[in-house]
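An overview of the molecular structure
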Amino acid sequence: MNQYFNRQQLKGLSMAKQWFFGLILLNAFTVSVAVAQPSPGNTASVAQVASANTNLLQYDKPDRADKVLESALKEGTLTLYTAFRPQDLPLIIAPFEAKYGIKVKAWRSGSNNVTQRVVREAAGKRPEVDVIMMPASEMEAVYREKLLQPITSPLTKDLISSALPAHKNWATVFMNVTVHSYNTQLIKKEDLPKTYNDLLDPKWKGKLGVESKAEEWYSKVVTVMGEEKGTKYFRELVTKNGMSARLGASLLHNLVIAGEVPLAMTVYIDLPEKDKRAGKPVDWFALDPVVAQGFNMSIAQKAQHPHAALLFYDYMLSPETQKLLASLHYYPASTKVTNPYPNMKIEVIDPVVTMDTFTKWTKSFDDVVIKNSSSK
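Scoring rules and cut-offs
- Residues numbered from 1 in each chain as written.
- Predicted model: local features only at pLDDT ≥ 70, side-chain atom pairs only at ≥ 80, totals over all residues.
- Heavy atoms only, no water.
- Buried < 20%, exposed > 50% of the residue type's maximum accessible area, 1.4 Å probe, protein only.
- Helix = DSSP H or I, 4+ residues; strand = E, 2+ residues; numbered from the N terminus.
- Arc of directions from axis to C-beta.
- Contact = heavy atoms within 4.5 Å.
- Salt bridge = Lys/Arg side-chain N within 4 Å of Asp/Glu carboxyl O.
- Phe/Tyr/Trp six-rings, centres within 6.5 Å; stacked < 30°, edge-to-face > 60°.
- Core = buried A, V, L, I, M, F, W, Y, C linked by side-chain atoms within 4.5 Å.
- Lys, Arg positive; Asp, Glu negative; His and termini not counted.
- Polar contact = N/O pair within 3.5 Å; in protein donor to acceptor, adjacent residues only side chain to side chain.
- Pairing = 2+ DSSP bridges.
- Expected span 1.5 Å × (residues − 1).
- pLDDT = per-residue confidence, 0-100.

**Some remarks on helix α12 (residues 319-327)**
If you check which residues of α12 are buried, you get T321, Q322, L325 and A326. One side of α12 holds all its buried residues, which, seen down the axis, span an arc of 145°. Facing away from the buried side of α12 by more than 90 degrees, the exposed set consists of E320 and K323. Lining the buried residues of α12 we find α4 (89-100), β4 (171-183), α11 (306-317) and β10 (331-332). Directly beyond the C-terminal end of α12, a positive phi value near 75° is found at H329.

**Some thoughts on the pattern of salt bridges**
A complete count under the given rule lists 21 salt bridges for this structure. The partner of D275 in a salt bridge is K280, and the shortest N-O contact between them spans 3.5 Å. With a relative accessible area of 14%, D275 lands in the buried category. Residues joined in a network through salt bridges with shared partners are R85, D88, D270 and K274.

**Considerations on the packing of aromatic side chains**
Here a ring pair, both rings aromatic, is described through the centre-centre distance and the interplanar angle of the planes. A complete count under the given rule lists 19 aromatic pairs for this structure. Considering the side-chain rings of F84 and Y330, the 5.6 Å spacing of their centres and the 40° angle between planes classify their relative orientation as tilted. With a gap of 246 residues between them, F84 in the loop between β1 (77-82) and α4 and Y330 in the loop between α12 and β10 connect regions that are remote in the sequence. A relative accessible area of 1% means that Y330 is categorised as buried. Pairing W217 with F234 gives two aromatic rings, centres 5.6 Å apart and planes at 80°, and the pair type is edge-to-face. With W217 in helix α7 (residues 215-225) and F234 in helix α8 (residues 227-241), this pair connects stretches of sequence that are 17 residues apart. By relative accessible area, W217 is classed as buried at 5%. In textbook terms, an aromatic cluster arises when at least three aromatic residues are bridged by ring pairs, as seen for Y196, W217, Y218, Y233, F234, W361 and F365.

**Points about the nonpolar core**
Counting residues in hydrophobic clusters, the biggest one holds 56 residues, and the most contacted among them are L78, L80, F84, F96, M133 and F312. Top contributing element to this core by residue count: α11, with nine residues. Dropping the residues within four chain positions of it, L78 is found in contact with F96, I102, K103, V104, K105, D130, V131, H305, A308, A309 and F312. The next biggest cluster of nonpolar side chains, apart from the first, holds 31 residues, and it includes Y182, V221, A245 and I370.

**Here's the deal with the environment of K207**
Structurally, the position occupied by K207 is in the loop between β4 and β5 (208-211). Remark: the alpha-carbon pair of K207 and L263, spanning 56 residues in sequence, is separated by 6.0 Å. Not counting residues within four places of it along the chain, the set of residues in contact with K207 comprises V261, P262 and L263.

**Brief notes about the side chain of R108**
Along the chain, R108 turns up in strand β2 (residues 103-108). Buried and without a salt bridge, R108 has D270 as its closest oppositely charged side chain, separated by 10 Å. In terms of polar contacts, R108 uses its side chain to reach the backbone carbonyl oxygen of F84, at 2.8 Å.

**Regarding the pairing of strand β7 (residues 263-268)**
Where burial is concerned, most of β7 is hidden: five out of the six residues are buried. As paired strands, β4 and β7 are joined by four bridges and run antiparallel to one another. Considered in β7, the bridge of T178 is made with Y268. In terms of strand pairing, β5 meets β7 through two bridges, oriented parallel. Paired with L208 across the strands is L263, a residue of β7.

**Focus: α8**
Here α8 is 15 residues long and its end C-alpha atoms lie 21 Å apart, about the 21 Å a rise of 1.5 Å per residue gives. Turning to α8, its buried residues number three or more, namely G230, T231, Y233, F234, L237, V238 and N241. The buried residues of α8 occupy one face: seen down the axis, they fall within an arc of 155°. Exposed residues pointing more than 90 degrees away from the buried face of α8 are listed as E228, K229, K232 and T239. Of the surrounding elements, those touching the buried residues of α8 are β5, α7 and α13 (351-368). Trailing α8 by a residue or two, G242 shows a phi angle of about 75°, which is positive.

**Some thoughts on the confidence of the model for the chain**
This prediction gives the chain a mean pLDDT of 88; 85% of its residues lie at or above 70. Contacts from residues 1-17, a stretch scored under 50 in pLDDT, to residues over four places away or in other chains number 43 contacts. Below a pLDDT of 50 lies the segment residues 19-53, which in the model reaches 64 contacts outside its immediate sequence neighbourhood of four places, other chains included.

Have a look at this one:
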């Protein structure tokens, strides 16, 4: 999460609005796969959707699948806003379009930009989005703005315990598991640290890197260590051995492959796993605690194509798509598929706690790590 804004200016605003207006100040660059542009006639369609029968979103009778499919085919399209990995997004969308003949208009950007766009469209009463997929903390911010709606799906019963909140406004598609990656030409496997304390060894001086928005990972590790002990540890680590802070997990990962950052503290597990199998000089390991956050999916409160959105929702949670995600080296949310990381014990970030304490942990991460790192 990126929280670099003037908090005095934003005092009194709700959490997601703080996020939104803060992001405007960043003037963030957006990378899109395909942009669904607003249509001039949108006002009428919003009114039509508001009055339409969308009871299928919580329908649980035996004929649910037939009714959802019939209604979805009539709508014929849906708009997806997501922070999904750009290289894998087409691989996920294509089978859905081929199976159902329903067009997915996908707009892909960073999670902060997705949050910004969802809030902006809602404030302007010109919503375009049907389905939202992004990390749990940002989804929690949008939920608090009452921009989502509860969904009933028979597939949620197969998900891991942290994947579905009681309010059912979102569900986890996969877990973003944070691990440590290293350049195999610069670091031997036998020399890897076994614990966080091992990283205090002077041999790691100048070799460590971290993603500059890793507040959530940092807060979880510090909390598990014990707040006072954990904060002291990171302060000592950065002081003794330094830390290179880079914006973006993908950038950090690529710098490991290039050898510019020999060991990265915070990359998502699928990135080095993919490139290791592709023959690139990278591998990964995990120190305890292994921190993970849900990558969640929701249907917008004012979805223009609610039934096509619901069909896509079921598709993403289905065993077939969960197997596809596992084959792409993600940590699947479904218990009905084989997990590619079966022996990994993860510590799941609670998005509610993250949102309630984000000011505290952003400040701590900035003060302890970022301000004392070599940032680029």
